[in-house]
Amino acid sequence: MTNLEKYKKAFLESLEVSEDQLEGLEYQKIESWDSVGHMNLVAALEEAFDIMMDTDDIIDLSSYEKGKEIMRKYDIEL
Amino acid sequence: MISSCDLLKNKVCLVTGASRGIGYAVAKRFAACGAAVYANGRREESLKELLSLNGNCSGSVIPLYFDVTDSAAAKKAMMQIKKEQGKLDVLVNNAGIMKDALIGMISKEDMHQVFEVNVFAVMDMLQLAVKLMSRQNSGSIINLASIVGTNGNRGQMVYSASKGAVISLTKTAAKELASRHIRVNAVAPGVIDTDMFRSIGEEKMKEKINLIGMNRAGTPEEVADTCIYLASDLSVYVTGQVIGVDGCEVI
């Protein structure tokens with residue numbers, strides 16, 4: 001599985017969205033991406049890439065696109 | 001007093017400030033009860049005595065040298081536990097400092113230092129531990145508070161405020177984490193016979209002991225035994241509690 005596939009999978013499974021919803025997806029714009037969904041998403045990303053995200057990055061993770069930028073900080077190329 | 005048992009068999013525990021005093025006793029007792037204990041100390045060599053237990057107890061002791069106020073180092077330590085064990089069952093937030101001074105003589109620096117170690121580091125460690133515990137949907141976090149956190153004490157405005165904060169953060173965390181089956185409790189020791197207590201001098205020690213219903217100081221092991229209860233599945237329905245271990249102390 002490529003990194004991008006892993007990244008997408010984390011969103012699909014933790015937020016229960018379909019792939020066509022991913023582009024432009026933002027925090028709190030859909031019901032499932034609330035604070036609980038956010039923590040599930042963080043856990044899924046950490047699990048998928050074997051990382052532990054900094055609190056600042058968890059707070060900054062405001063969209064599907066922003067998440068890609070944050071992943072780069074952890075040397076994860078998508 | 002529990003000398004050995006298997007209450008913590010297969011449990012992975014992290015104990016901060018384990019080089020001496022209560023932290024040392026907790027780490028030692030946990031290992032005797034079958035746990036894999038990650039013992040934290042700041043300086044290398046500080047855990048030498050604890051490490052000598054390996055091979056002589058049913059559990060094991062693994063050293064983790066880092067300063068709890070260093071967030072990056074704490075995160076690295078947590079990653080190490082995740083890599084080596086794949087889980088964390090118990091976190092004991094024990095590392096703490098005491099800076100006593102009467103009102104009017106308390107420096108800002110001391111206030112910051114005490115809160116950095118006793119409060120901010122506790123919240124930091126708690127947040128990191130919850131990341132691992134959430135995945136397994138279980139866990140026990142034990143925060144070392146103090147009787148002065150609820151009752152206050154002359155000359156201990158900063159320390160008592162920091163321990164009061166530990167109590168309130170414990171109750172909040174318990175409420176927030178209950179749905180994930182992560183329990184958060186505090187242990188509030190009274191006068192305990194540690195190096196820190198002995199440093200106040202014999203006369204003051206006597207004065208303090210006179211205020212204790214049981215007429216003696218507690219031992220670090222007695223505090224550790226309460227921690228065993230909270231770490232084990234015996235307390236599976238106990239969360240958000242502050243358990244005093246003080247021999248009926250009136251201050």
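*Asks:* Explain helix 2 (residues 35-49) of chain A here, please?
*Replies:* Each α-helix turn comprises 3.6 residues. Residues three or four places apart therefore point the same way. Residues and elements named next belong to chain A. In this model helix 2 runs 21 Å from its N-terminal to its C-terminal C-alpha over 15 residues, within 8% of the 21 Å that 1.5 Å per residue would give. Those residues of helix 2 that sit buried are Gly37, His38, Leu41, Val42, Leu45, Glu46 and Phe49. The residue sitting at the N-terminus of helix 2 and contributing the capping side-chain oxygen is Asp34; that oxygen lies 3.3 Å from the backbone nitrogen of Val36.

*Asks:* How should I be thinking about the sheet that holds strand 4 (residues 90-93) of chain B in this particular structure?
*Replies:* By definition, the strands of a sheet pair up through backbone hydrogen bonds, in either a parallel or an antiparallel sense. Residue and element names in this part refer to chain B. If you walk across this open sheet you meet the 7 strands as 3-2-1-4-5-6-7, and the pairing is parallel. The open sheet is flanked by strand 3 (60-65) and strand 7 (242-245), the only strands paired with a single partner. Averaged over neighbouring strand pairs, the angle between their axes works out to 20° when direction is ignored. Sheet topology places strand 6 (residues 182-189) next to strand 7; 4 bridges connect them, and they run parallel. Along strand 7, the bridge assignment pairs Pro189 with Val245. Each of strand 1 (12-15), strand 2 (36-41), strand 3, strand 4, strand 5 (139-144) and strand 6 is contacted by helix 1 (residues 21-32), which is oriented at about 170° to strand 1, the strand it contacts most. Against the sheet, helix 6 (residues 157-177) engages strand 5, strand 6 and strand 7, with an angle of about 160° to strand 6.

*Asks:* Can you help me understand the packing of aromatic side chains in this one?
*Replies:* Working definition: an aromatic ring pair is given by the centre-to-centre distance plus the angle between the planes. All names here are of chain A. Under the counting rule described, the total for this entry stands at 6 aromatic pairs over all chains. With 4.9 Å between their ring centres and 55° between their planes, Tyr7 and Phe11 make a pair best called tilted. Placement of the pair is Tyr7 and Phe11 together in helix 1 (residues 3-15), with a separation of 4 residues, close to one helical turn. Judged on exposure class, the residue Tyr7 and its partner Phe11 are both buried. With centroids separated by 5.9 Å and ring planes inclined at 70°, the aromatic side chains of Tyr27 and Trp33 adopt a geometry described as edge-to-face.

*Asks:* I would appreciate a short explanation of the interface of chain B and chain A in the present structure.
*Replies:* It is common to report an interface's size as the accessible area lost on association of the parts. Listed per partner, the contact involves 10 residues of chain B and 12 residues of chain A. Counting each side, the surface lost to burial between chain B and chain A is near 930 Å², with a carbon and sulfur contribution of 48%. By the criterion of area lost to chain A, the three top residues of chain B are Lys75, Lys131 and Arg135 of chain B, representing 55% of everything that side buries. Our count for the contact surface shared by chain B and chain A stands at 5 salt bridges. Where Arg135 of chain B meets Glu47 of chain A, a salt bridge forms, and the shortest distance between an N and an O atom there is 3.3 Å. Here chain B and chain A share 7 residue pairs in polar contact (both at pLDDT 80 or more) between them. Mapped by element, the contributors of at least two residues to the side of chain B that touches chain A are helix 3 (71-85) and helix 4 (108-136) of chain B. In the side of chain B that touches chain A, the residues fall into 4 nonpolar, 1 polar and 5 charged.

*Asks:* What am I meant to see in the pairing of strand 2 of chain B here?
*Replies:* Put simply, side chains in a regular strand alternate between the two faces of the sheet. All names here are of chain B. For strand 2, the buried fraction is high: 6 of the 6 residues fall into the buried class. Burial along strand 2 is two-sided: Ala36, Tyr38 and Asn40 facing one way and Val37, Ala39 and Gly41 facing the other are all buried. Judged from the 4 bridges that link them, strand 1 and strand 2 form a sheet pairing that is parallel. Note on strand 2: the bridge partner recorded for Leu14 is Tyr38. The handedness of the strand 1 to strand 2 crossover, carried by helix 1, is right-handed.

*Asks:* Can you walk me through helix 4 (residues 64-73) of chain A in this structure?
*Replies:* Residue and element names in this part refer to chain A. Every buried residue belonging to helix 4 is among Tyr64, Gly67, Lys68, Ile70 and Met71, and all of these are buried. Seen end-on, helix 4 carries its buried residues on one side only, within an arc spanning 165°. Those residues of helix 4 that are buried are in contact with helix 1, helix 2 and helix 3 (55-60). Trailing helix 4 by a residue or two, Asp75 shows a phi angle of about 60°, which is positive.

*Asks:* What am I meant to see in the nonpolar core here?
*Replies:* All names here are of chain B. Ranked by internal contacts, the top residues of the largest apolar core, which has 37 residues, are Leu14, Phe66, Met78, Ile81, Leu88, Leu126 and Ile141. Secondary-structure elements contributing two or more residues to this core are strand 1, strand 2, strand 3, helix 3, helix 4, helix 6 and strand 6. The element best represented in this core is helix 4, accounting for 11 residues. If we ignore the near neighbours within four places in the chain, the residues touching Ile81 are Val12, Leu14, Tyr38, Leu64, Gly86, Lys87 and Leu88. Among the nonpolar cores identified, the runner-up in size contains 33 residues, and Val15, Tyr24, Phe30 and Ile228 belong to it.

Reading guide: rules and limits
Residues numbered from 1 in each chain as written. Chains lettered and ligands numbered in written order. Predicted model: local features only at pLDDT ≥ 70, side-chain atom pairs only at ≥ 80, totals over all residues. Heavy atoms only, no water. Helix = DSSP H or I, 4+ residues; strand = E, 2+ residues; numbered from the N terminus. Expected span 1.5 Å × (residues − 1). Buried < 20%, exposed > 50% of the residue type's maximum accessible area, 1.4 Å probe, protein only. Polar contact = N/O pair within 3.5 Å; in protein donor to acceptor, adjacent residues only side chain to side chain. Pairing = 2+ DSSP bridges. Axes fitted to C-alpha atoms, helices over the stretch in contact; angles between N-to-C directions. Contact = heavy atoms within 4.5 Å. Phe/Tyr/Trp six-rings, centres within 6.5 Å; stacked < 30°, edge-to-face > 60°. Buried area = accessible area lost by both parts, 1.4 Å probe. Salt bridge = Lys/Arg side-chain N within 4 Å of Asp/Glu carboxyl O. Nonpolar A, V, L, I, M, F, W, Y, C, P; charged D, E, K, R; others polar. Right-handed = clockwise from strand over helix to strand, strands pointing away. Arc of directions from axis to C-beta. Core = buried A, V, L, I, M, F, W, Y, C linked by side-chain atoms within 4.5 Å.

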